[in-house]
Amino acid sequence: MKRKWWIALAVLILDRVSKIPASGLPAGGVVLIPGVIGLRFVKNTGMAFSLLNGHPWLLGVASALLIAAAFLFLRGKKIAPLPAVGLMMMLGGAAGNMFDRFITGYVPDMIEFLFMDFAVFNIADTFLCVGCGLLIISLLFRPQDWRDEHGA
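Please read these numbers as outputs of a predicted model, since none were measured by experiment. Numbers given to residues run from 1 along each chain, matching the order in which its sequence is written. Per-residue local features are limited, in this predicted model, to residues with pLDDT of at least 70; the limit for side-chain atom pairs, both in listing and counting, is 80 or more; totals at the level of whole chains, interfaces and linings are taken over all residues. Hydrogens are left out, water is left out, and the side-chain values use all remaining heavy atoms of the structure.

At least two bridges found by DSSP between two strands are what make those strands a pair. In this text, helices come from DSSP runs of H or I with a minimum length of four residues, and strands from runs of E with a minimum of two, each type numbered from the N-terminal end. Judged by pairing direction, the sheet is antiparallel, and its three strands sit side by side in the order β1-β2-β3 without closing on themselves. Edge positions in the sheet fall to β1 (30-33) and β3 (107-113), since each has one partner strand and no second. Strand after strand, the sheet turns through a mean of 35° between neighbouring axes, direction not considered. Pairing between strand β2 (residues 37-44) and β3: six bridges, direction antiparallel. Across the sheet, Ile37 pairs through a bridge with Phe113, a residue of β3. Here, axes are lines fitted to C-alpha atoms. For helices the fit covers the stretch in contact, and angles between N-to-C directions go from 0 to 180 degrees.

The residue Ala80 is located in the loop between α2 (56-74) and α3 (81-103) in this model. For every residue, the accessible area obtained with a 1.4 Å probe (protein chains only) is divided by the maximum for its type, and the residue is called buried under 20%, exposed over 50%, and partly exposed between those limits. On the basis of relative accessibility, which here comes to 15%, the residue Ala80 falls in the buried class. C-alpha separation for the pair Ala80 and Trp146, spaced 66 residues apart in sequence, amounts to 7.6 Å.

With that settled, consider the pairing of β2. Where β1 and β2 come together, three bridges link them in antiparallel fashion. Following the sheet pairing, Val31 is matched in β2 by Gly38. Hairpin connection from β1 to β2: three residues lie between these consecutive antiparallel strands, with Gly35 at a positive phi of about 75°.

Another point: the nonpolar core. Among the buried residues, those of types Ala, Val, Leu, Ile, Met, Phe, Trp, Tyr and Cys that are joined through side-chain atoms within 4.5 Å form a nonpolar core. Within the largest apolar cluster, 14 residues are counted, with the highest numbers of intra-cluster contacts made by Ile7, Ile67, Leu74, Leu87, Met88 and Leu91. For this core, the secondary-structure elements that each account for two or more residues are α1 (5-19), α2, α3 and α4 (123-141). For this core, the element with the most residues is α3, which contributes seven residues. If you look at the next biggest cluster of nonpolar residues, it comprises five residues, including Ala22, Met110, Ile111 and Phe121.

The structure is reproduced here in structure tokens:
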């Protein structure tokens, strides 16, 4: 697992860099691909789909505890590559949003699908979802990823 920690760090850095220009977007947003995707700045004080809206410190503390627990649980574990990448994507995304909750009191979201009514999201959210998807694929279709060293 030691060789995969760079993925979480890369996700965190990419997320931080992508959020820098977000607050400078025009009020109506910017269309990147007409009818498909655009950028619009939104302050999210909740979590996914604005759940627990208005409680950024509670969510920040919960995120910090979960990240610390995941770190303690994962360090030194021998985990197959696919779930390891998924876990690191999730840790990096969670760390990016946690940082925002503590520093600004909200998570800046800016990516918007224009072809459907969906939540505005950010890079950290994307990596959280993709990482989750990789874990699901591994759990459903790659049972060998979850056997211990003795083949049990």
